[in-house]
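# Observations on the three-dimensional arrangement
Here are the chains, one letter per residue:
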Amino acid sequence: MPTLPLDPITRRDLLRLAGGVAALALAAGPFAALAQNMPGGGPVKIGTIGAGREGGALGTLFAKAGHPVMFSSRHPEQLNDLVAAAGPNAKAGTVKQAVDFADVVLLVVPYTAIEEIGREYGKELATKPLVMDISNPIPRRDGEALVKTVNEQGGAGLATAKMLPGSHIVRAFNAVGSGQLAQLANRPGEPVGIPIAGDDKNAVALAERLIKQIGFEPVLVGGLAVGKHLVPGTPLAGVHTPEEIRQAAATLKE
Ligand SMILES: NC(=O)c1ccc[n+]([C@@H]2O[C@H](COP(=O)([O-])OP(=O)(O)OC[C@H]3O[C@@H](n4cnc5c(N)ncnc54)[C@H](OP(=O)(O)O)[C@@H]3O)[C@@H](O)[C@H]2O)c1
C-alpha cells in the first residue's frame, strides 16, 4: 500500500513534538552543546523580570517547551505555586538572580518599573542577546503623565530602548491576554500570529525561534519605532492569523 503523504499540519505538529522532546532530552545531557545545532535550536536559559499574570503564563510555556526558566519577583518565595505548575524546568529567584541566570530576559512588568530596572540591571541586560519587552504603558495603571512621556519618546519600543540602553530589545506578546496564552499556544491548524518589532537582526531571529517553539507564528512588523503599535487597543492587538497581522501592519505608519 502506498504511504500517504502527511498533510502540512501533521508534518508541522510532528516536527514541533520532535523538537520539544529532543530539547528536553538534550537540555541537561552530555550533548547540550550539540543541541544548539538542532533544527529550531536548543534550550535557552530564560529569566523573567515579572512573574505575574503575563510573565507567569509565558514563562510556563517556555519551561514546558524545554527551556530552563527562572521566574523572578521581589518576593520569590511567593512563586512556589507557579514554579510547581510550570514543571521541572522552572525555578524562582530574585530579579538579580534571574538576570544573572538568563541568556534571554522576558521583561513583563508595569511600564513604570522599567526605569528602575534599567538603573539597576541595565548594564547586565545589555550583554544579553535578547530582552523581550512584553510591557505596556497603560494610562489607567501607569498614569497619564507616564504615557505622555512615553509617547513623546516615540512610543513603547523606543522608550524601553532609552531606559535600557544597549539592550537587544524585541517587543512581543504585548496584546495577547495572559488567560488565553496556554490555550492559543500550539493551536491545531493555523498558528496564532504574534506581531514583533525590533531593530537588532540577531535578537529578532532569536525571538522568532523562541516564539515558534511555543507554538505561535512570529510576524516582524518593523523596527522598535513600530513597537508603539504593539500595545492593547490597536489593529494588531488580540488574536489574529499571521496574514491578518501582515495586512494590519501594512496600514500602520511609523
Ligand atoms: N496581563 C495580561 O494579559 C498582559 C498581556 C500582555 C502584556 N501585558 C503587560 O505585561 C506587564 C505585566 O502585566 P501583568 O498583568 O503580568 O501584571 P501583574 O500580574 O501585576 O505582574 C506584574 C509583575 O511585575 C513585577 N514587578 C512590578 N514592579 C517591579 C519592579 N520594580 N521590579 C521587578 N519586578 C516588578 C511584579 O513582581 P513583584 O512580585 O516583585 O511585585 C509582578 O511579578 C504589563 O506591562 C502589561 O501591560 C499584560
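Refer to the structure above for everything that follows.
Calculation notes
Residues numbered from 1 in each chain as written. Predicted model: local features only at pLDDT ≥ 70, side-chain atom pairs only at ≥ 80, totals over all residues. Heavy atoms only, no water. Near = heavy atom within 4 Å. Polar contact = N/O pair within 3.5 Å; in protein donor to acceptor, adjacent residues only side chain to side chain. Areas by Shrake-Rupley, 256 points an atom, 1.4 Å probe, with all protein chains shown as cover. 1 Å grid on protein atoms, 1.4 Å probe; cavity = no way out; pocket = protein on both sides within 12 Å on 5 of 7 lines; lining within 4 Å. Sits in = over half its atoms within 2 Å of the grid points. Helix = DSSP H or I, 4+ residues; strand = E, 2+ residues; numbered from the N terminus. Nonpolar A, V, L, I, M, F, W, Y, C, P; charged D, E, K, R; others polar. Phe/Tyr/Trp six-rings, centres within 6.5 Å; stacked < 30°, edge-to-face > 60°. Buried < 20%, exposed > 50% of the residue type's maximum accessible area, 1.4 Å probe, protein only. Lys NZ or Arg CZ within 6 Å of the ring centre and 35° of its normal. Salt bridge = Lys/Arg side-chain N within 4 Å of Asp/Glu carboxyl O. Points joined across faces, edges and corners; volume = space filled by probe spheres on them. Pairing = 2+ DSSP bridges. Axes fitted to C-alpha atoms, helices over the stretch in contact; angles between N-to-C directions. Contact = heavy atoms within 4.5 Å.

### Here's the deal with the site of the ligand
The environment of the ligand is formed by 23 residues, the closest being Ala51, Ser73, Arg74, Val109 and Ser178. One nitrogen or oxygen atom from the main chain of alanine 51 is found 2.8 Å from an oxygen atom belonging to the ligand. Between an oxygen atom of the ligand and a main-chain N or O atom of glutamate 54, the distance comes to 2.9 Å. Within the complex, the protein chains bury 81% of what would otherwise be the 890 Å² of accessible surface of the ligand. If you map the ligand onto the pockets, it falls in the largest pocket. Where the shell around the ligand is concerned, the elements lending two or more residues are α3 (53-64) and α6 (114-125). Across the shell around the ligand, the residue classes tally to 10 nonpolar, 8 polar and 5 charged.

### Quick word on the packing of aromatic side chains
Per the stated rule, a full pass over the model turns up 1 aromatic pair. When the ring of phenylalanine 173 is compared with that of phenylalanine 216, the centres are 5.5 Å apart and the planes differ by 80°; the resulting orientation is edge-to-face. On the criterion of sequence distance, the pair formed by phenylalanine 173 in the loop between β6 (169-171) and α10 (178-184) and phenylalanine 216 in the loop between α11 (201-213) and β8 (217-222) is long-range, its members being 43 residues apart. Residue classification places phenylalanine 173 among the buried positions, given a relative accessible area of 1%. For lysine 45, the ring lying beneath its charged end belongs to phenylalanine 101, and the centroid distance is 5.6 Å.

### Describing the pattern of salt bridges
Inspection of the entire model under this criterion finds 7 salt bridges. Measuring nitrogen to oxygen at the nearest pair gives 3.9 Å for the salt bridge that ties arginine 119 to glutamate 115. Of this pair, arginine 119 and glutamate 115 both sit in helix α6, 4 residues apart, which is roughly one turn of the helix. Residue class for arginine 119 comes out exposed when judged on its relative accessible area of 63%. Between arginine 171 and aspartate 133 there is a salt bridge, with its nearest N and O atoms 2.7 Å apart.

### Description of the layout of surface pockets
Its volume calculated, the largest pocket comes out at about 910 Å³. Looking at the largest pocket, it is lined by 34 residues, and the ones nearest its centre are Gly52, Val108, Val109, Pro110 and Arg141. When residues of the lining of the largest pocket are traced back to their parent elements, those giving at least two are α3, α6 and α7 (139-142). Here the lining of the largest pocket is built from residues that sort into 16 nonpolar, 11 polar and 7 charged.

### Topic: unusual backbone geometry
Phi is positive for phenylalanine 173, which is not a glycine, with a value near 60°. Although it is not a glycine, asparagine 186 sits at a positive phi angle of roughly 55°. Among the structural elements, asparagine 186 can be located in the loop between α10 and β7 (193-198).

### Concerning empty space enclosed by the protein
Summed over the entire model, instances satisfying the criterion amount to 1 cavity of 30 Å³ or more. In the lining of the largest cavity, the residues fall into 9 nonpolar, 3 polar and no charged.

### Description of the sheet that holds strand β2 (residues 69-72)
Sheet architecture is open: 8 strands sit in the order β3-β2-β1-β4-β5-β6-β7-β8, paired in mixed fashion. Looking at strand neighbours, the two that pair on one side only are β3 (90-93) and β8, the edges of this open sheet. Across the sheet, the mean angle separating the axes of adjacent strands is 25° when strand polarity is ignored. Of the strand pairs in this sheet, β7 and β8 are connected by 5 bridges, and their pairing is parallel. Across the sheet, residue glycine 193 finds its bridge partner in β8, namely glutamate 217. α6 rests against β1 (46-49), β4 (104-107) and β5 (130-133) of the sheet, and its axis sits at about 175° to β4.

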